[in-house]
Amino acid sequence: MSRGRADGSQKKRLVTSVLVLVIICGLLYLYSKKSGSSALEYGSKIRKFGSTYLGVDEDVDESPPKLGDDEEDGVVLKSIPVCDDRHSELIPCLDRNLIYETRLKLDLSVMEHYERHCPVPERRYNCLIPPPPGYKIPIKWPKSRDEVWKANIPHTHLATEKSDQKWMVVKGEKIGFPGGGTHFHYGADKYIASMANMLNFPKNILNNGGRLRTVLDVGCGVASFGGYLLSSDIIAMSLAPNDVHQNQIQFALERGIPAYLGVLGTKRLPYPSRSFELAHCSRCRIDWLQRDGILLLELDRVLRPGGYFAYSSPEAYAQDEEDLRIWKAMSALVERMCWKIAAKKNQTVIWVKPLTNDCYMERPPGTQPPLCRSDDDPDAVYNVKMEACITPYSEQNHRARGSGLAPWPARLTTPPPRLGDFGYSSDIFEKDMEAWQRRVENYWNLLSPKISSDTIRNVMDMKANLGSFAGALKNKDVWVMNVVPEDGPNTLKIIYDRGLIGSVHNWCEAYSTYPRTYDLLHAWTIFSDIEGKGCSGVDLLIEMDRILRPKGFIIVRDNRKVVEFINKHMKALHWEAVATADAEGGTEKDDEVVFIIQKKIWRTSESFRNVE
């Protein structure tokens, strides 16, 4: 009997121990749920705003609602969580943590890990991106070309690593940009003038009387090359990946210079064929010979007839055995591509692309690389794999012996030849320009109480159509990233033909840019469009907040239902209404409304320090 009682006592103690363990585990689980960071659960806190727009340390466990959760009249969301401060530079589709977490099997040798890999909806960060500690309103253009606040991009490793190349220097609370680069120690301005001299352009000005307008700068560094081209009426798409020098594009955009996060990897760049008059690579660390020259062939696709490729590298001078081997192989490749040397001096060579298909047709049978298939669409770019083939010209380009484009600035308002690809007439083009001129004048009248001449610099048109919104801003000191939806029509080639720049994108996903990089977003029927795709309007609001600078503006042009939907989220996003008006300027839709919003500046308790 005593033995049985002892066994019973042991059982009671065992049950008690198990219950205590279960309770402890339950408490730990609840605590971890309460302090979890985001949809990816990287272990960081989410904070909500305090009443003074300074975040408090009160943790929240709420998730943002999906589109439709707040459809009842009068329902206003009280909070959207704030991401942990360490995610202040999050780029959702270029997030290394996502790649590690999901164990994506990527080929590092072809740069797949630097390409876009977007999180599935259940793994998205459904929280607002906070500014870094001490964040300040950016320095205004044109002063910003030469200096930015260090607190806004607190990364100075490039100043040390590239100190001998004059990329950037730390000057107290600011970071300065002397205009240097890996190949141009004496400044981008002198380097640009030298290139124009090599090509015998008038007065050593690279725009060649307006004939050279759009440039692709591959591996752009901090984009000083593109920044100094602007004074010559040349606009460059400065391109670099989110690699070991991961803040290059962030610096470029903070400076007010057009730039985009991208890489020559396995997929086509998000630009149509025949978009650029010049491609540029100054020691951009790209192996142009890999995979049968596929990366050089991608540059060939986006270059116009008679376009140039400026290559500054030791291989162009060929001093040692390895440089000489690369130079010989690259020379043979470009010769088979029908490129010819236009100029060569020191370590820079400039090749020129042919004006017609004649050279392609005269190549011996079986010459590599081959011409692309006749059914290949050279303008299809969104998630389209590169092909190691030469893109021949259309019959129109072949007969015209070039693109047939007017010099800049007449190019902006002259109906481009590729209008016919969409069945658009010159009359349609001109009426579109007139309508957007009136609309933009109306926008600026509504904005006028809030802005001065230097308030806005970086602008994005989220649905650019023919680019006439950007065209109407020609007298403002701004540049515009014209975005065309991936599901068409792909009017981006019209935009490039007008001497403007842009990219193809799907707004169900995050854009390839850093947080806080645009002063103004123009959203024309974007919300109506994604609703038809079944995407989340709330996700789009959070993404727009991510890429918009504090104190920046959003112009929504959409139906009243969309404006009501956004109004319900204003407090949660800490945006404020600037103006609401019936759409003017030749709108075809009676229910369109113009709604102008400004993003407030807010900080979490961690980031609220070192602020003036």
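The name given to the protein in an unreviewed UniProt entry is Methyltransferase, and the organism recorded there is Pyrus ussuriensis x Pyrus communis.

Peer 1: Would you mind showing me how to read the pairing of strand E15 (residues 501-505) here?
Peer 2: A regular strand places its side chains on the two faces of the sheet in alternate fashion. A large share of E15 lies buried, amounting to 5 of its 5 residues. A two-sided burial pattern is seen for E15, the buried positions comprising Ile501, Ser503 and His505 on one face and Gly502 and Val504 on the other. Following the chain from strand E14 (residues 479-485) across helix H15 (residues 492-497) to the adjacent parallel E15, one finds a crossover that is right-handed.

Peer 1: Would you take a moment to explain the packing of helix H16 (residues 526-533) against helix H18 (residues 560-567) for this structure?
Peer 2: A packed helix pair is summarised by two numbers, namely the angle formed by the two axes and the spacing between the axes. Remark: H16 packs on H18, axes separated minimally by 9 Å, with the N-to-C direction vectors making an angle of 90°. It follows from the interaxial angle that H16 and H18 lie roughly perpendicular. Within the contact between the two elements, H16 uses Phe527, Ser528 and Glu531 and H18 uses Lys561, Val562, Phe565 and Ile566.

Peer 1: Can you help me understand the environment of Ala240 in this one?
Peer 2: As for its placement among the helices and strands, Ala240 is situated in strand E7 (residues 235-240). Separated by 17 residues in sequence, Ala240 and Ala223 have C-alpha atoms that sit 9.2 Å apart. With near-sequence residues (within four places) excluded, Ala240 lies in contact with Cys220, Gln248, Ile249, Tyr260, Leu261 and Gly262.

Peer 1: I keep staring at the state of the cysteines and nothing clicks. Help me out?
Peer 2: One way to say it: the disulfide is the covalent bond shared by the sulfur atoms of two cysteines. Using the criterion set out here, one finds 6 disulfides in the structure. What pairs with Cys93 in a disulfide is Cys118, and their sulfur atoms sit 2.0 Å apart. Residues Cys93 and Cys118 share a disulfide whose torsion about the S-S bond is about 110°; that sign makes it right-handed. Of this pair, Cys93 sits in the loop between strand E2 (55-59) and helix H2 (96-102) while Cys118 is found in the loop between H2 and strand E3 (147-149), placing the two residues 25 residues apart along the sequence. Each sulfur of the disulfide joining Cys281 and Cys284 lies 2.0 Å from the other. The chirality of the disulfide connecting Cys281 with Cys284 is left-handed, given an S-S dihedral of about -90°. There is no split in this pair, since Cys281 and Cys284 are both buried. Bonded cysteines in the protein are paired 1-4, 2-3, 5-6, 7-8, 9-10, 11-12 when counted in the order they occur along the chain.

Peer 1: I'm lost on empty space enclosed by the protein in this one. Help?
Peer 2: Summary: where empty space remains is shown by rolling a probe the size of a single water molecule over the atoms. Evaluated as defined, the whole model comprises 5 cavities of 30 Å³ or more. For the largest cavity, the full set of lining residues is Cys93, Leu94, Asp95, Arg96, Ile99, His113, Tyr114, Glu115, His117 and Asn242. Its residues assigned to classes, the lining of the largest cavity shows 4 nonpolar, 3 polar and 3 charged.

Peer 1: So what exactly am I meant to see when it comes to the nonpolar core here?
Peer 2: Soluble globular proteins: nonpolar side chains tend toward being buried together. Counting 122 residues, the largest nonpolar core has Leu216, Trp288, Leu296, Phe309, Met460, Trp507 and Ile566 as its most contacted members. Other than its neighbours up to four places away in sequence, Trp507 contacts Met460, Met462, Val483, Ile526, Ile530, Leu540, Glu543 and Ile547. Leu199, Leu229, Ile234 and Ala310 belong to the second largest nonpolar core, which has 22 residues in total.

Peer 1: How do you make sense of helix H9 (residues 321-336) when you look at a structure like this?
Peer 2: Residues three or four positions apart in an α-helix share a direction because the helix packs 3.6 residues into each turn. Between its first and last C-alpha atoms H9 spans 23 Å; for 16 residues at 1.5 Å apiece the expected length is 22 Å, and the two agree. Within H9, the full set of buried residues consists of Asp323, Ile326, Trp327, Met330, Leu333 and Val334. Viewed end-on, H9 has its buried residues packed into an arc of 130°, placing them on one side of the element. Summarising the geometry of H9, the exposed residues directed more than 90 degrees from the buried face are Glu321, Lys328 and Glu335. Where H9 is buried, its residues meet helix H7 (290-302), strand E10 (303-312), helix H8 (314-317), strand E11 (340-345) and strand E12 (348-352). For H9, the N-terminal cap is Asp320; the gap from its side-chain oxygen to the backbone nitrogen of Glu322 is 3.2 Å. Residue Cys338 follows H9 closely and has a positive phi angle near 75°.

Peer 1: Please explain the sheet that holds strand E4 (residues 169-171) as it appears in this structure.
Peer 2: Hydrogen bonds between backbone groups are what pair the strands of a sheet, and the pairing can be parallel or antiparallel. Here we have 3 strands laid out as an open sheet, ordered E3-E5-E4, and antiparallel in their pairing. Of all the strands in the sheet, the pair left with one neighbour each is E3 and E4. Direction aside, neighbouring strands of the sheet carry axes that sit 30° apart on average. Both E4 and strand E5 (residues 174-176) contribute to a ladder of 3 bridges, which runs antiparallel. Counted as the bridge partner of Val169 is Gly176 from E5.

Peer 1: Can you help me understand the sheet that holds strand E18 (residues 575-582) in this one?
Peer 2: Read across the sheet, 7 strands follow the order E15-E14-E13-E16-E17-E19-E18 without closing on themselves; strand pairing throughout is mixed. If you trace the sheet from one side to the other, it starts and ends with E15 and E18, each paired once. Ignoring strand direction, the axes of neighbouring strands in this sheet form an average angle of 20°. Running at roughly 150° to strand E17 (residues 548-559), H18 makes contact with E17, E18 and strand E19 (592-599) of the sheet.

Peer 1: When you look at the pattern of salt bridges in this model, what are you seeing that I'm missing?
Peer 2: Opposite charge on two side chains permits pairing when their charged atoms draw close. Summed over all chains, the structure comprises 33 salt bridges. Put simply, Arg418 and Asp497 hold a salt bridge, and the shortest N to O gap is 2.9 Å. With Arg418 in the loop between helix H12 (410-413) and helix H13 (426-447) and Asp497 in helix H15, this pair connects stretches of sequence that are 79 residues apart. Lys533 is the salt-bridge partner of Asp487, the closest N and O atoms lying 3.4 Å from each other. Within this pair, whereas Asp487 is found in the loop between E14 and H15, its partner Lys533 is found in helix H16, the two being separated by 46 residues in sequence.

The rules behind the values
Residues numbered from 1 in each chain as written. Predicted model: local features only at pLDDT ≥ 70, side-chain atom pairs only at ≥ 80, totals over all residues. Heavy atoms only, no water. Buried < 20%, exposed > 50% of the residue type's maximum accessible area, 1.4 Å probe, protein only. Helix = DSSP H or I, 4+ residues; strand = E, 2+ residues; numbered from the N terminus. Right-handed = clockwise from strand over helix to strand, strands pointing away. Axes fitted to C-alpha atoms, helices over the stretch in contact; angles between N-to-C directions. Parallel < 35°, antiparallel > 145°, perpendicular 65-115°, else oblique. Contact = heavy atoms within 4.5 Å. Disulfide = S-S within 2.5 Å. 1 Å grid on protein atoms, 1.4 Å probe; cavity = no way out; pocket = protein on both sides within 12 Å on 5 of 7 lines; lining within 4 Å. Points joined across faces, edges and corners; volume = space filled by probe spheres on them. Nonpolar A, V, L, I, M, F, W, Y, C, P; charged D, E, K, R; others polar. Core = buried A, V, L, I, M, F, W, Y, C linked by side-chain atoms within 4.5 Å. Expected span 1.5 Å × (residues − 1). Arc of directions from axis to C-beta. Polar contact = N/O pair within 3.5 Å; in protein donor to acceptor, adjacent residues only side chain to side chain. Pairing = 2+ DSSP bridges. Salt bridge = Lys/Arg side-chain N within 4 Å of Asp/Glu carboxyl O.

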